[in-house]
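# Inside the fold
Spelled out from the first residue to the last, the chains are:
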Amino acid sequence: MLAEQIFSLVSTVAMAAWLLLAVLPRQRWVAETVTGVVAPALLAAVYVAIVLVEWGESSGGFSSLAEVALLFQN
């Protein structure tokens, strides 16, 4: 999956969660379940998957500012 597709997917999930909060603000299941657990868990899972996939491929590190800059190039 391309980076643009992943960005589009997680943006849609975030927008859906915000839309549910705007449309159904007093529904407890929206605040507790959808926006409190499901949406954050899904976004966190995607973030962890990206980190795991890119873990060995990225150059750089945390021992100097130059190495941190290398991490953020990709």
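Described below are features of the structure shown in this document. Computed from a predicted structure; not experimentally measured.

Each value, and the rule that gives it
- Every chain is numbered on its own, with residues counted from 1 as its sequence reads.
- With pLDDT at 70 or above as the cut-off, local features in this predicted model cover only qualifying residues; side-chain atom pairs require 80 or more to be listed or tallied, and sums for whole chains, interfaces and linings still use all residues.
- Side-chain measures were taken over the full set of non-hydrogen atoms in the model, leaving aside hydrogen atoms and water.
- Think of it this way: any DSSP run of H or I at least four residues long counts as a helix, any run of E at least two long counts as a strand, and we number them from the N terminus.
- Radius of gyration: C-alpha atoms only; globule rule: 2.2 Å multiplied by the number of residues to the exponent 0.38.
- The buried label applies to any residue whose accessible area, calculated with a 1.4 Å probe on protein chains only, is under 20% of its type's maximum; exposed applies above 50%, and partly exposed to all values in between.
- In short, Shrake-Rupley with a 1.4 Å probe defines the accessible areas, and a residue's cover is counted only from the protein chains shown.
- Every case where a carboxyl oxygen of Asp or Glu lies within 4 Å of a side-chain nitrogen of Lys or Arg is listed as a salt bridge.
- Each patch is built from salt-bridge-free residues with over 30% relative accessible area, joining like charges within 9 Å and nonpolar side chains (Val, Leu, Ile, Met, Phe, Trp, Tyr) within 5 Å.
- Note on geometry: axes are lines fitted to C-alpha atoms, helical ones only across the stretch in contact, with angles between N-to-C directions running from 0 to 180 degrees.
- Any angle from 65 to 115 degrees is called roughly perpendicular, while one under 35 is roughly parallel, one over 145 is roughly antiparallel, and all others are oblique.
- In this analysis, two residues are considered to be in contact whenever any of their non-hydrogen atoms come within 4.5 Å of each other.
- Residue classes follow a fixed rule: Ala, Val, Leu, Ile, Met, Phe, Trp, Tyr, Cys and Pro count as nonpolar, while Asp, Glu, Lys and Arg count as charged, and any other residue, Gly among them, counts as polar.

### Quick notes on the overall build of the protein chain
For the protein chain, the helix and strand inventory stands at 3 helices and 0 strands. When the helices and strands of the protein chain are read in sequence order from the N terminus, they spell out α-α-α. A compact globule built from 74 residues would reach a C-alpha radius of gyration of about 11 Å, whereas the protein chain, at 17 Å, exceeds it by more than 25%. The principal-axis extent of the C-alpha atoms belonging to the protein chain is close to 50 × 25 × 15 Å. By the burial criterion, 9% of the 74 residues in the protein chain qualify as buried. In the form shown here, the protein chain has an accessible surface area of approximately 6,100 Å², with 70% of it arising from carbon and sulfur atoms.

### A few points about the pattern of salt bridges
Any two side chains of opposite charge can pair, given that their charged atoms come close. Applying the stated criterion to the full structure yields 1 salt bridge. One salt bridge in this structure joins Arg 28 and Glu 32, with 2.6 Å as the shortest N-O distance. With Arg 28 and Glu 32 both in helix H2 (residues 28-54), this residue pair falls 4 residues apart, about one helical turn. Among the residues examined, Arg 28 registers a relative accessible area of 62% and is labelled exposed.

### Observations regarding a nonpolar patch on the surface
Taken together, the side chains of Tyr 47, Val 48 and Leu 52 define a hydrophobic patch exposed on the protein surface, amounting to about 350 Å² of accessible area. Note on placement: Val 48 falls in helix H2.

### Quick word on the packing of helix H1 (residues 3-23) against H2
Two elements in contact, H1 and H2, have axes separated by 10 Å at closest approach and are oriented at 170°. Judged by the inter-axis angle, H1 sits roughly antiparallel to H2. Residue-level contacts link Ile 6, Val 10, Val 13, Ala 17, Leu 20 and Leu 21 of H1 to Val 30, Ala 31, Val 34, Thr 35, Ala 39, Leu 42, Leu 43, Val 46 and Ile 50 of H2. Residue composition of the contact of H1 with H2, by class: 14 nonpolar, 1 polar and no charged.

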